[in-house]
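Chain residues, written in single-letter form:
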Amino acid sequence: MSATMNNVEEIRNRVILGEFGVKNVHTTDFPGNYPGYDDTWDMSTFQKNFRIDMVHVDESSMEFDMVGIDAAIANAFRRILLAEVPTMAIEKVFIYNNTSIVQDEVLAHRLGLIPIKADPRLFEYRNTGEEMAEEEGSEIDTIQMQLKVKCSRNPRASKESSDPQELYLNHMVYSKDIKWVPIGNQADVFADANIGPVHSDILLAQLRPGQELDIVMHCVKGIGKDHAKFSPVATASYRLLPEITILEPVEGEKAERLKRCFSRGVIDLEDVNGKKN
Amino acid sequence: MAEEGEKKRVLEMVQADGADEGCVTFVLHDEDHTLGNSVRYMIMKNPDVDFCGYTITHPSETKINFRIQTRGGVAAIEPLRRGLTELSDVCQHVLNTFQARVNEFKERQEKPME
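Treat the numbers as computed from the prediction; the structure is a model and nothing was measured.

**Some remarks on the overall build of chain A**
Move 1: Scanning chain A for helices and strands turns up seven helices and 16 strands.
Move 2: The globule rule puts the C-alpha radius of gyration for 277 residues at 19 Å, and the 28 Å found for chain A is more than 25% above it.
Move 3: Counting only C-alpha atoms, chain A reaches 80 × 55 × 35 Å along its principal axes.
Move 4: The buried share among the 277 residues of chain A stands at 28%.
Move 5: Residue pairs in contact within chain A that sit at least 24 positions apart in sequence constitute 68% of those at least 6 positions apart.
Move 6: Looking at chain A as shown, the accessible area adds up to about 18,900 Å², and 51% of this sits on carbon and sulfur atoms.
Move 7: Across chain A, the mean location of the 31 positive side-chain charges is 7 Å away from that of the 44 negative side-chain charges.

Here's what the structure looks like:
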């Protein structure tokens, strides 16, 4: 195990989890606090000490380590990710016909929360004018989509079946039924980027024969501060990298139990004098 | 320092009469902990600054009171300006490093496939 750090190093660099509380939380390395240390901000020292290590990257999540940066700035990044990175989301829902049992406003709320695959950098913010229903939204700031589903009885179902899958056609409305309707020159500009919901299997409503949905939706660009549906991340969080120091040697059976408490690879046992330790 | 034009102020300076230029409270509109805490950290790293702190006056209002006290007769606007530029440089550096790392990671992902 590494030698115990001397007190000052520990106060400067480590947050300590005690039995009843957390100690040493605030950053104290500001100029003038510690004699003998020059804590003035120096960009070149920062650039030398700072590095990013990717732990895991895939289509929908990412984990990485930032070394050499203070929690204040890392937290600012986290807050910005949650609240100020813009995305496109459905904002105005024009319901022409809704005879399902899902209420209009509930359905509109659900539609708003669906993530939309469209690059927000290619769109502008819509001007919130004083008049309520001013222009319908031009092609530079709005994406128009349509949802038109009608449920009917399946003529080919057998007499005795009770499985709704077999009895009815179109009885589950999924997000894949939402179709993009290009307006203006969007058809040319976004010809290859297929705009639509990110996930196609989000269940929106259930229908029975005779019920239908006929809805037109407008998507606009917004930020998470305005409404959480505009937040691009499901969540963004950070934590400080833990360092565990074992204060006295643990041997034998206790060592095995300690190893099993942690995920694999955190603790390794070595053989010393025939006793595992 | 207040931005005139649409009557929408972004930054105001409040100074007690008789105090020197070194002790100023800035009122920043439309800001919260995101900018407040990170700028406070950058300004505290400046050796000319005696005191630096920020408060959110009321959680329903999006404005923060940012106080800077300097020593050595330095005008308080100077550390604020410097802190903001340094923060901007830090963010740019982090962005560049991050972008480089992501590209490197992506290339390394593709290599075993070849």
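Once the structure has been displayed, the description carries forward.
**Points about the packing of helix α3 (residues 71-83) of chain A against helix α1 (residues 33-44) of chain B**
Move 1: Taken N-terminus to C-terminus, the directions of α3 of chain A and α1 of chain B make an angle of 160°; their axes are 9 Å apart at the nearest point. With respect to each other, α3 of chain A and α1 of chain B are oriented roughly antiparallel. The way α3 of chain A lies across α1 of chain B gives a crossing that is left-handed. Residue-level contacts link A72, I73, A76, R79 and I80 of chain A of α3 of chain A to H33, T34, N37, S38, Y41 and M42 of chain B of α1 of chain B.
Move 2: Taken together, the residues that form the contact of α3 of chain A with α1 of chain B break down as six nonpolar, four polar and one charged.

**Considering the nonpolar core**
Move 1: Core analysis: the largest hydrophobic core is formed by 31 residues, its most contacted members being F26, I43, F66 and I68 of chain B.
Move 2: Of all the elements in the fold, those that place two or more residues in this core are β3 (51-57) and α3 of chain A together with β2 (23-29), α1, β3 (49-56), β4 (63-70) and α2 (77-110) of chain B.
Move 3: If you tally residues by element for this core, the top one is α2 of chain B, at six residues.
Move 4: Non-local contacts of I68 of chain B, meaning those with residues more than four positions away in its chain, are made with G22, C23, V24, F26, I43, V49, F51, A76, P79 and L80 of chain B.
Move 5: Residues I90, I114, L167 and L204 of chain A belong to the second largest nonpolar core, which totals 27 residues.

**Brief notes about the side chain of T87 of chain A**
All names here are of chain A.
Move 1: If you trace the backbone, T87 turns up in strand β5 (residues 87-98).
Move 2: Only 2.5 Å separates the side chain of T87 from the backbone oxygen of F230, close enough to count as a polar contact.
Move 3: With near-sequence residues (within four places) excluded, T87 lies in contact with P120, V220, K221, G222, K229, F230, S231 and P232.

**So, the interface of chain B and chain A**
Move 1: Listed as interface residues are 25 residues of chain B and, on the opposing side, 28 residues of chain A.
Move 2: Among the residues of chain B in contact with chain A, T34, Y41 and K45 of chain B are the three that bury the most area, contributing 26% of the side total.
Move 3: Inspection of the region where chain B meets chain A yields two salt bridges.
Move 4: For D53 of chain A, the salt bridge identified is with R101 of chain B, shortest N-O distance 3.8 Å.
Move 5: At the boundary of chain B and chain A, one finds seven residue pairs in polar contact (both at pLDDT 80 or more).
Move 6: Mapped onto the side of chain B that touches chain A, the elements with two or more residues apiece are α1 and α2 of chain B.
Move 7: Ranked by residue count, the leading element in the side of chain B that touches chain A is α2 of chain B, at 13 residues.

**Comments concerning a nonpolar patch on the surface**
Move 1: A contiguous nonpolar patch, built from V15, L17, V22, V25, Y238 and L240 of chain A and spanning about 580 Å² of accessible area, is present on the exposed surface.
Move 2: One can find Y238 of chain A in the loop between β14 (212-222) and α7 (252-261).

**Digging into the pattern of salt bridges**
Pairing between side chains of opposite charge can happen when the charged atoms of each approach one another.
Move 1: Per the counting criterion, the structure on display carries twelve salt bridges over all chains.
Move 2: In this structure, D214 of chain A and K148 of chain A form a salt bridge, with 3.2 Å as the shortest nitrogen-oxygen distance. With D214 of chain A in strand β14 and K148 of chain A in strand β7 (residues 143-150), this pair connects stretches of sequence that are 66 residues apart.
Move 3: Among the salt bridges present, the one from E212 of chain A reaches K150 of chain A, with a minimum N-O distance of 3.7 Å. In this pair, E212 of chain A is assigned in strand β14 and K150 of chain A in strand β7, connecting sequence segments 62 residues apart.
Move 4: Relative accessible area serves as the criterion here: at 22%, E212 of chain A is assigned to the partly exposed category.
Move 5: Put simply, R51 and D53 of chain A together with R101, E104 and R108 of chain B are held in one network by salt bridges that share partners.

**Some points on the confidence of the model for chain A**
Move 1: Mean pLDDT for chain A: 83, with 91% of residues reaching 70 or above.
Move 2: Of all the helices and strands in chain A, strand β16 (residues 275-276) of chain A carries the lowest mean pLDDT, 46, while helix α4 (residues 104-112) of chain A carries the highest, 94.

**As for the packing of aromatic side chains**
Two numbers describe a pair of aromatic rings. These are the distance of the centres and the angle of the planes.
Move 1: In the structure shown here, the tally under the stated rule is five aromatic pairs over all chains.
Move 2: The interplanar angle of 55° and the centroid separation of 5.0 Å between the aromatic rings of F64 of chain A and F98 of chain B together place this pair among those described as tilted. Taken together, the residues F64 of chain A in strand β4 (residues 62-67) and F98 of chain B in helix α2 connect one chain to another.
Move 3: Each ring, one from F123 of chain A and one from F190 of chain A, has its centre 5.2 Å from the other, and the planes form 15°; the classification is stacked. Taken together, the residues span a long stretch of sequence, with F123 of chain A in the loop between β6 (116-117) and β7 and F190 of chain A in the loop between α6 (186-189) and β12 (196-197) at a distance of 67 residues. Across this residue pair, the class does not change: F123 of chain A and F190 of chain A are buried.

Cut-off values and rules
Every chain's residues receive numbers from 1 upward, in the order its sequence appears when written. Labels are handed out in written order, letters beginning with A for the chains and numbers beginning with 1 for the ligands. Where local features are concerned, this predicted model is filtered to residues with pLDDT of at least 70; where side-chain atom pairs are given and counted, the filter is 80 or more; whole-chain, interface and lining totals use all residues. Computation of side-chain values covers all heavy atoms of the structure but excludes hydrogens and water. In DSSP terms, a helix is any run of H or I states spanning at least four residues, a strand is any run of E spanning at least two, and both are numbered starting from the N terminus. In this description the radius of gyration comes from C-alpha coordinates, and the expected globular size is given by 2.2 Å times residues to the power 0.38. Exposure classes here rest on a 1.4 Å probe applied to the protein chains alone. A residue is buried below 20% of its type maximum, exposed above 50%, and partly exposed in between. Any two residues whose heavy atoms approach within 4.5 Å at even a single point are treated as in contact. Here the Shrake-Rupley method, with its probe set to 1.4 Å, supplies the accessible areas, and only the displayed protein chains count as covering residues. Asp and Glu are treated as the negative residues and Lys and Arg as the positive ones, with His and the ends of the chain left uncounted. Positions of charges follow a simple convention, taking NZ of Lys, CZ of Arg, CG of Asp or CD of Glu. As a rule, the C-alpha atoms of each element are fitted with a line to give its axis, helices using only the stretch in contact, and angles between N-to-C directions run from 0 to 180 degrees. Angles below 35 degrees are treated as roughly parallel, those above 145 as roughly antiparallel, those between 65 and 115 as roughly perpendicular, and all remaining angles as oblique. Should the near helix be turned anticlockwise from the far one by less than a right angle, the crossing is termed left-handed; should it be turned clockwise, right-handed. Residues are grouped as follows: nonpolar covers Ala, Val, Leu, Ile, Met, Phe, Trp, Tyr, Cys and Pro; charged covers Asp, Glu, Lys and Arg; every other residue, Gly included, is treated as polar. Only buried residues count toward a nonpolar core, which is a set of Ala, Val, Leu, Ile, Met, Phe, Trp, Tyr and Cys residues joined through side-chain atoms within 4.5 Å. Between N or O atoms, a polar contact is any pair within 3.5 Å; within protein, one atom must be a potential hydrogen donor and the other a potential acceptor, and residues adjacent in sequence are included only when both atoms are from side chains. Accessible-area loss on putting two parts together, using a 1.4 Å probe and summing over both, is the definition of buried area adopted here. Salt-bridge detection follows one rule: a side-chain nitrogen of Lys or Arg within 4 Å of a carboxyl oxygen of Asp or Glu. In this analysis, a patch consists of residues with relative accessible area above 30% that form no salt bridge, clustered at 9 Å for like charges and at 5 Å for the nonpolar side chains Val, Leu, Ile, Met, Phe, Trp and Tyr. For every residue, the pLDDT score states the predictor's confidence, bounded by 0 at the bottom and 100 at the top. When two rings of Phe, Tyr or Trp (its six-membered ring) have centres within 6.5 Å they constitute a pair, described as stacked for plane angles under 30 degrees, edge-to-face for angles over 60, and tilted for the intermediate range.

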